[in-house]
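So the chains spell out like this:
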Amino acid sequence: FTMLEWYRQGADYTMCMEETEDLINSVLGWEGKWDRVSYVDAFEKVHGFVPADVTGEKIREIAEGAKISGAMTDSLHEVIDGVFFATVLPKIEHGERYILCQFPVPCASLSKVSADGRYAERFEAYVGELEMCNAFTELVDAEEQRRRFLEEVEERRSLGKEVFPVDEDLLARLSSVSSPTYGNALGVDRLVMLAMGVKDIDSIHVFPPSQRFG
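Here's what I pulled together on the structure shown here. Remember, predicted model here, so these are calculated numbers, not experimental data.

Reading guide: rules and limits
Residues numbered from 1 in each chain as written. Predicted model: local features only at pLDDT ≥ 70, side-chain atom pairs only at ≥ 80, totals over all residues. Heavy atoms only, no water. Helix = DSSP H or I, 4+ residues; strand = E, 2+ residues; numbered from the N terminus. Rg over C-alpha atoms; globule rule 2.2 N^0.38 Å. Buried < 20%, exposed > 50% of the residue type's maximum accessible area, 1.4 Å probe, protein only. Contact = heavy atoms within 4.5 Å. Areas by Shrake-Rupley, 256 points an atom, 1.4 Å probe, with all protein chains shown as cover. Lys, Arg positive; Asp, Glu negative; His and termini not counted. Charge placed at Lys NZ, Arg CZ, Asp CG, Glu CD. Salt bridge = Lys/Arg side-chain N within 4 Å of Asp/Glu carboxyl O. Expected span 1.5 Å × (residues − 1). Arc of directions from axis to C-beta. Phe/Tyr/Trp six-rings, centres within 6.5 Å; stacked < 30°, edge-to-face > 60°.

The subject of this paragraph is the overall build of the protein chain. Scanning the protein chain from N- to C-terminus turns up seven helices and six strands. Start at the N end of the protein chain and walk to the C end: the helices and strands fall as β-α-β-α-α-α-β-β-β-α-α-β-α. Rg of the C-alpha trace for the protein chain: 18 Å, near the compact-globule value of 17 Å for 214 residues, within the 12% margin. Overall size of the protein chain, expressed as C-alpha extent along the three principal axes, is 55 × 45 × 35 Å. Going through the 214 residues of the protein chain one by one, you find that 41% of them count as buried. Within the protein chain, contacts between residues separated by at least 24 positions form 63% of all contacts whose residues are at least 6 apart in sequence. When the accessible surface of the protein chain is split by element, carbon and sulfur atoms take 50% of a total near 11700 Å². Looking at the protein chain, you have 22 positive and 39 negative side-chain charges, and the mean spots of the two groups are 2 Å apart.

Written out as structure tokens, the structure is:
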């Protein structure tokens, strides 16, 4: 499995969306803009609220009602994703190529939260059901990142999952990163899948040399 990761200082995730779109279009010979789908706006349209504005119990109840696996045992961000992809995305119009952006704050990962606190500056690019990348404006506030780490520790402990130590080295280095800065991780194997027109990721490793991409 091969990942292409890159970072850029002096620009946020909106610039990264454009860059990612241009990169994939260029490699595959595609043209045109990709649709933008706001995760929080779509969620609110269907359920009447943004995930960060209600308790985790409320989200888990919705997930359990929708018979989503792990509704009561998975981490909250996993449950929110489960609810979104099962009950929200199918009801939202979008093209075959789209960028899912403005993630709920509980799904922020290592990303910066918007100034109004409504969403995390994170996106994923999709071609059909194939996720191509995960990217975001990097959170460079060490105090906020420590709070998130500790929150995750408590959540994992309460769910009976393995608890990992706080990454003190990362926290110590955050102050050296300017804001805004974005990072992206793109699946090269998935890009090759699209280029070869195959749906099984294992199959791209068994083509004879004459049929290999590039």
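Before going further, it helps to examine the pattern of salt bridges. The final tally for this structure, using the stated rule, is 15 salt bridges. Between E155 and R60 there is a salt bridge, and its shortest N-O distance comes to 3.9 Å. Remark: R60 occurs in helix α3 (residues 56-65) and E155 occurs in helix α5 (residues 142-158); sequence separation between them is 95 residues. For R60, a relative accessible area of 13% puts it in the buried group. Put simply, E78 and K161 hold a salt bridge, and the shortest N to O gap is 3.6 Å. Of the two residues, E78 sits in helix α4 (residues 76-88) while K161 sits in the loop between α5 and α6 (168-173), which places them 83 residues apart along the sequence. Exposure remark for E78: the relative accessible area of 36% places this residue in the partly exposed category. One connected set of salt bridges, linked through shared partners, spans E18, E21, K33 and R36.

Bringing helix α1 (residues 13-28) into the picture now. For α1, which comprises 16 residues, the first-to-last C-alpha distance of 22 Å matches the rise-based estimate of 22 Å (1.5 Å per residue) to within 8%. Of all the residues in α1, the buried ones are Y13, C16, M17, T20, E21, I24, N25 and L28. The arc that holds the buried residues of α1, viewed along the axis, is 160°, so those residues lie on one side. Following α1 by one or two positions, G29 adopts a phi angle in the positive range, close to 75°.

This part covers the packing of aromatic side chains. Taken as a whole and assessed by the stated rule, the structure comprises eight aromatic pairs. For the pair W30 and W34, a centre-to-centre distance of 6.3 Å together with 45° between the ring planes defines the contact as tilted. W34 sits in the buried class, given a relative accessible area of 3%. Each ring, one from Y39 and one from F103, has its centre 4.9 Å from the other, and the planes form 55°; the classification is tilted. Residue Y39 is located in helix α2 (residues 39-47), and its partner F103 is located in strand β3 (residues 97-103); the two are separated by 64 residues in the primary sequence. Exposure remark for F103: the relative accessible area of 1% places this residue in the buried category. Taken together through their ring pairs, the aromatic side chains of Y39, F84, F85, Y98, F103 and Y126 make up a single cluster.

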